[in-house]
Structures are given as C-alpha cells and as structure tokens.
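# What the coordinates show
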Amino acid sequence: MKKKTSDLIEIINQGRVKEFVAYISAKGEISEAVKRAVFKSKKSGIIKAYINGVFPAGSEFYKHQDLVALYGDRKTLATYYLYHSLDEVGQIALIKRGDFSKFSYFVGRRPKLTKEAFAFLLAEGRPQLVKYYLENCLEQAQINDLVASGNIRYIKYFTKVATPSELEAVADATKRMEDCDVKSEISEIKVLKPYLFVLG
C-alpha cells in the first residue's frame, strides 16, 4: 500500500485514525517526514496507532519514551523493553498513566525507579502502584528516600511488609531526620519502636 507522503501527513494532521491504522496494518511505508508528523500532531489516537502498530526499536522511540509509556499496549511495551529501559521521563509517564498491569510489568523486569520517579510515585502515584512497588521492588538504598519523603501513610505501610533488616534501615534513616515533627510521627509506628530503641 503506497501513499504519497503529503497525503499521509494530511491524514495524520486531520486525525483520521482509521485510515492511518489501515495504512500501518497494510505495512505501508513510513518515511522520516511521516514519523515527525505523527509526534508533531499531538493527536493521541494517531500517536497510539503508530506506537502500537510500528513497534519501537530505534532511537525515535527512546526520544518519545514518555508517549511510549503513556500509550503503548502490553505487546508494544514488551518489545520496547527488549531494546530500552525507561529513564525518569518515561517512568514518570508510566506512573501518570496509572495502569497497574503496565506498571507492574515494567518494574517486574527493571525494578528500580530513579530517585525522581520514586519521589513522583510517592507524591502522585495511585496507591495500588505505590503499594506494589513498596512490597515487591523497593531496594535497600531507596529506604532513605522513602523516609525522607515524610509520607507517613506509605512509611507505615512499608513497615508492615518490611523484613527486620529493612526495619532497621527505616529506624536508622528516621534517627538521621532533621524534621522533628515527621520524625516524631514515624517514631510512633509501633513495629519500629524496638528498632529505634536498639539504635539508641
């Protein structure tokens, strides 16, 4: 199926998703000008059709990783993760998307979020995503960031699922806190009290 680049760009700019999908499905040729037009259009239906119909393997998808994370279906994300990871831009987009299956699929393969993405998850993420991450993916080094966030709700939740060594790390990070109000609240978490006492 061959179409002139200008005709295809017109289809994209007018947001004619069905025609664009039909073109991609028929394995129509996608020129660089067309690729640029897709992302420049800012039309979610067109971008979604392109991301899920062409498949990400090159640098253009890394450049637009936030959109891949936002619009990619499971098959597309699986293909993408074979070639790339997501940096903080893509990770934050995935958290904003709020889709549990897509988020858990990503962190199940590349569990550590960047410092910025982890902070965003705690501040803005859906509780289901945060709890999954705290239960299954939190690394020892991120415990300091969790405590420093001052998010009592999630610190309490983590202490319920934490191992003894993780509880020690929470207590240690709490002892080093400068915010006395938050420190005092964390110190009231029952399961932490023995660890705080031992650390003196």
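Below, the structure is looked at part by part. (Residues numbered from 1 in each chain as written. Predicted model: local features only at pLDDT ≥ 70, side-chain atom pairs only at ≥ 80, totals over all residues. Heavy atoms only, no water.)

### Here we look at the overall build of the protein
Quick reminder of the rule: The numbering of helices and of strands both runs from the N terminus, where a helix is a DSSP run of H or I of at least 4 residues and a strand a run of E of at least 2. The atom set for the radius of gyration is the C-alpha atoms, and the globule formula is 2.2 Å times the number of residues raised to the power 0.38. Remark: exposure states derive from per-residue accessible area (1.4 Å probe, protein chains only) relative to the maximum for the residue type, with buried under 20%, exposed over 50%, and partly exposed in between. In this description, contact between two residues means that some pair of their heavy atoms is separated by no more than 4.5 Å. Per-residue accessibility takes into account occlusion by the displayed protein chains alone, with areas from the Shrake-Rupley method and a 1.4 Å probe. In this charge count, Lys and Arg are treated as positive and Asp and Glu as negative; neither His nor the chain ends contribute. A single reference atom marks each charge: NZ on Lys, CZ on Arg, CG on Asp, CD on Glu.
A count of helices and strands for the protein gives 16 helices and zero strands. For a compact globule of 200 residues, the expected C-alpha radius of gyration is about 16 Å, and the protein comes in at 22 Å, more than 25% above that figure. Its C-alpha atoms give the protein principal-axis dimensions of about 75 × 25 × 25 Å. Every one of the 200 residues in the protein was classed for burial, and the buried ones make up 42%. Expressed as a percentage of contacts within the protein between residues at least 6 apart in sequence, the contacts between residues at least 24 apart total 55%. If you sum the accessible surface of the protein, you get close to 10,700 Å²; carbon and sulfur atoms cover 51% of it. Between the centroid of the 32 positive side chains of the protein and the centroid of its 24 negative side chains there is a distance of 7 Å.

### Some words on the pattern of salt bridges
Inclusion rule: The working definition used for a salt bridge is a side-chain nitrogen of Lys or Arg within 4 Å of a carboxyl oxygen of Asp or Glu.
A full pass over the atoms with the stated rule returns seven salt bridges. Note that Lys 35 and Glu 32 form a salt bridge whose closest N and O atoms lie 3.2 Å from each other. Taken together, the residues span about one helical turn, with Lys 35 and Glu 32 both in helix 3 (residues 32-41) at a distance of three residues. According to the relative accessible area criterion, Lys 35 is buried, its value standing at 18%. A salt bridge links Asp 145 to Lys 115, with the shortest nitrogen-to-oxygen separation between them at 2.6 Å. Of this pair, Asp 145 sits in helix 12 (residues 143-149) while Lys 115 sits in helix 10 (residues 115-124); the two residues are 30 residues apart in sequence, bridging distant segments of the chain. The network of salt bridges with common partners includes Glu 32, Lys 35 and Glu 60.

### Notes on the environment of Phe 158
Here Phe 158 shows up in helix 13 (residues 152-161). Taking the C-alpha atoms as reference points, Phe 158 and Tyr 195, separated by 37 residues in sequence, lie 15 Å from one another. Beyond its immediate sequence surroundings of up to four residues, Phe 158 is in contact with Leu 134, Leu 138, Ile 143, Leu 146, Glu 166 and Val 170.

### Some points on the nonpolar core
Soluble globular proteins tend to bury their nonpolar side chains together. Put simply, the test is: Among buried residues, those of type Ala, Val, Leu, Ile, Met, Phe, Trp, Tyr and Cys that are joined through side-chain atoms within 4.5 Å constitute a nonpolar core.
Phe 20 and Leu 113 are the most contacted members of the largest nonpolar core, which has 64 residues in total. Setting aside its immediate chain neighbours within four residues, Phe 20 contacts Leu 8, Ile 11, Ile 12, Val 38, Ile 46, Ala 49 and Tyr 50.

### Remarks on unusual backbone geometry
Keep in mind that most residues, glycine aside, have a negative phi and that most peptide bonds are trans. Residue Lys 42 is not a glycine yet carries a positive backbone phi of 60°. Turning to its location among the elements, Lys 42 is positioned in the loop between helix 3 and helix 4 (44-54). Its relative accessible area of 72% is what places Lys 42 among the exposed residues.

### A look at the packing of helix 8 (residues 88-97) against helix 10
Operational definition: Only the stretch in contact is used when fitting a helix axis, every axis being a line fitted to C-alpha atoms; angles between N-to-C directions are given from 0 to 180 degrees. Oblique is the label for every angle not falling under 35 degrees (roughly parallel), over 145 degrees (roughly antiparallel), or within 65 to 115 degrees (roughly perpendicular). Handedness of a crossing is defined here by the sense of rotation of the near helix relative to the far one, left-handed for an anticlockwise turn of less than a right angle and right-handed for a clockwise turn.
Interaxial distance between helix 8 and helix 10 falls to 8 Å at its minimum, and their mutual angle equals 15°. The pairing of helix 8 with helix 10 is recorded here as roughly parallel in orientation. Crossing hand, helix 8 versus helix 10: right-handed. Only Glu 116, Ala 117, Phe 120 and Leu 121 of helix 10 make contact with helix 8, whose side of the interface consists of Glu 88, Gln 91, Ile 92, Ile 95 and Lys 96.

### Considering the packing of aromatic side chains
Aromatic ring pairs are defined here through the distance separating the ring centres and the angle between the ring planes. Applicable threshold: For Phe, Tyr and Trp, where Trp contributes only its six-membered ring, two rings pair if their centres lie within 6.5 Å, and the inter-plane angle classes them as stacked under 30 degrees, edge-to-face over 60, or tilted in between.
Under the definition given, this model contains eight aromatic pairs. Note on Tyr 81 and Phe 106: the rings are 5.2 Å apart at their centroids and 55° apart in plane angle, and the pair reads as tilted. Here Tyr 81, found in helix 7 (residues 74-83), pairs with Phe 106, found in helix 9 (residues 100-109); they are 25 residues apart in sequence, far enough to count as distant. A residue is classified by how much of its surface remains accessible, and Phe 106, at 1% relative accessible area, is buried. Aromatic ring contacts, followed pair by pair, group Tyr 80, Tyr 81, Tyr 105 and Phe 106 into a single cluster.

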